Amino acid sequence: MERIVVHQEVLDGLAEARPVVVLETAVLTHGLPRRALDHLPRCFADGRPLHELGTTGWNASDPVNLATSRAMSRAVRMEGAIPATIAVIDGALHVGLTPDELERLSQVDADKCSTRDLAATLQSGGCGGTTVAGTLSASAVANDTFRARGLPEIRMFATGGIGGVHRDWAGHPDISADIRAISCTPMLVVTAGAKIILDLPATREALDTNMIPVIGWECDNFPRFTSRGSADQPLERRLDDLTCLSELCRIHWNGLKRDEGILLLNEIPHDDALDGDRVEEIVTRACHSAKQQGITGQALTPFLLTALAEETSGESLDANIALLLGNAGLAARVVFRSRRRRLIQVDITSQDWSN
Ligand code: PSU
Ligand code: MN
């Protein structure tokens, strides 16, 4: 890797064995609108767990994409961890961004970088927001360099909702590279489930085929991004205890020497969730118009998310913000616990990890 820029704070954090959480940037460049919200998102309301963060960390005059990325970093810091936000900037792969770099990325015409796009964006000298797949691939390169320097690797990654198998897959097999990337990158991916715009049963089958362990964090049903899980999609595994979770990760990666990532499903809180049936109706219509307008490939997910935001008069944005911040905070708590117990850190950085 020729041009990889690791933020000093991230390097220092790793050297001091402090917890580090990777964050993605496709949500900044392509997932959320570039306009300010006219209200404080619901998750910051009085008495809510993120109230504190909202009064100090949500700048209402910032566009929602930038404000959310900043708030995610703050959610990670609030739990005592260091954010390592990944992106391509001017043809270099960055691990950890300065506030100015984040702001610039939120404004420029950036590529949406899945794994397949990374080389092209790096080669062109341009900028790109990394999707779950792109972020995982970038993390793998970064971890190689950390390992070579005797530093611990980063194992925690927080996103919103992962990409998966799109509806109408039988007619047009659109399956996000996120699934493939998760299956070959040993990181814990904290997510509010598969985006509700997807075919959930089909996405679950794809996770299964790709041998990805799926764990519900304090939830019994597979969460649906901006909506709670439904009883017709029960999970097979649920954990409520961070020590059990780090033990499971250790067994999967170190004991069994598996390379798959692990999916940790963090359900959106009741107070922030949208009614599943209502969203279902909107998504069905949006998928129909995407088909009519010939919208496919990389443009599909942003199109459907925009339609959802419009049809819910912005309520889906509040929900999206809530789940992104919730996931960032949970990832930080997990890594904090793993480090403190020295389960993941000690074992995963041991020399025989690369065997
Ligand atoms: N989570 C969100 N909003 C988003 C995404 C995740 O709350 O926009 C992004 C992620 O980067 C994910 C991508 O990897 O959407 C999936 O895009 P596609 O279906 O084109 O692979
Ligand atoms: Mn796709």
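These figures come from a predicted structure and were not determined experimentally.

Caption draft 1: Main features of the site of ligand 1. Neighbouring ligand 1 are 18 residues, the closest being Lys 112, Ser 176, Asp 178, Thr 301 and Asn 320. Protein chains bury 94% of the 480 Å² of accessible surface belonging to ligand 1 in isolation. Elements supplying a minimum of two residues to the shell around ligand 1: α2 (26-31) and α12 (300-311). Broken down by element, the residue count for the shell around ligand 1 peaks at 3 residues, all from α2. Classifying every residue of the shell around ligand 1 gives 5 nonpolar, 9 polar and 4 charged.

Caption draft 2: Examining the environment of Asp 259 more closely. Within the fold, Asp 259 resides in the loop between α10 (242-255) and β11 (262-266). For Asp 259, a relative accessible area of 46% gives the class partly exposed. Distance from Asp 259 to Pro 186, taken between C-alpha atoms, is 4.9 Å for residues 73 residues apart in sequence. Sequence-distant contacts of Asp 259, that is, excluding residues within four places in its chain, are made with Ser 183, Cys 184, Thr 185 and Pro 186.

Caption draft 3: Structural view of the pairing of strand β4 (residues 92-95). Burial of the side chains of β4 extends over both faces: Ala 92 and His 94 are buried on one face and Leu 93 and Val 95 on the other. One ladder, built from 3 bridges, connects strand β1 (residues 4-6) with β4; its direction is parallel. When the sheet's bridge partners are listed, Ile 4 is paired in β4 with Leu 93. Bridging between strand β3 (residues 82-89) and β4 involves 4 bridges; their strand directions are antiparallel. When the bridges of β4 are listed, Ile 86 appears paired with Val 95.

Caption draft 4: Spotlight on the confidence of the model for the protein chain. Overall, the predicted model of the protein chain reaches an average pLDDT of 93, with 94% of residues at or above 70. Counted against residues more than four places away or in other chains, residues 341-355, with its pLDDT under 50, gives 32 contacts.

Caption draft 5: How the structure looks around the pattern of salt bridges. Across all of its chains, the model carries 21 salt bridges by this definition. Between Arg 285 and Glu 311 there is a salt bridge; the shortest N-O distance is 2.9 Å. One end of the pair, Arg 285, is in helix α11 (residues 276-292); the other, Glu 311, is in helix α12, and 26 residues separate them in sequence. Classification of Glu 311 as partly exposed rests on a relative accessible area of 43%.

Caption draft 6: Main features of the side chain of Ser 227. With respect to the element layout, Ser 227 can be found in the loop between β9 (214-217) and β10 (238-239). From its side chain, Ser 227 meets the backbone oxygen of Leu 274 in a polar contact 2.8 Å long. If we ignore the near neighbours within four places in the chain, the residues touching Ser 227 are Ile 196, Ile 268, Ala 273, Leu 274, Asp 275, Gly 276 and Val 279.

Caption draft 7: Here's a closer look at the side chain of Thr 312. Residue placement: Thr 312 occurs in the loop between α12 and α13 (315-341). In this structure Thr 312 comes out as buried when scored by relative accessible area, which is 1%. Filtering out sequence-adjacent residues up to four positions away, Thr 312 remains in contact with Leu 274, Arg 278 and Ile 282.

Calculation notes
- Residues numbered from 1 in each chain as written.
- Chains lettered and ligands numbered in written order.
- Predicted model: local features only at pLDDT ≥ 70, side-chain atom pairs only at ≥ 80, totals over all residues.
- Heavy atoms only, no water.
- Near = heavy atom within 4 Å.
- Areas by Shrake-Rupley, 256 points an atom, 1.4 Å probe, with all protein chains shown as cover.
- Helix = DSSP H or I, 4+ residues; strand = E, 2+ residues; numbered from the N terminus.
- Nonpolar A, V, L, I, M, F, W, Y, C, P; charged D, E, K, R; others polar.
- Buried < 20%, exposed > 50% of the residue type's maximum accessible area, 1.4 Å probe, protein only.
- Contact = heavy atoms within 4.5 Å.
- Pairing = 2+ DSSP bridges.
- pLDDT = per-residue confidence, 0-100.
- Salt bridge = Lys/Arg side-chain N within 4 Å of Asp/Glu carboxyl O.
- Polar contact = N/O pair within 3.5 Å; in protein donor to acceptor, adjacent residues only side chain to side chain.

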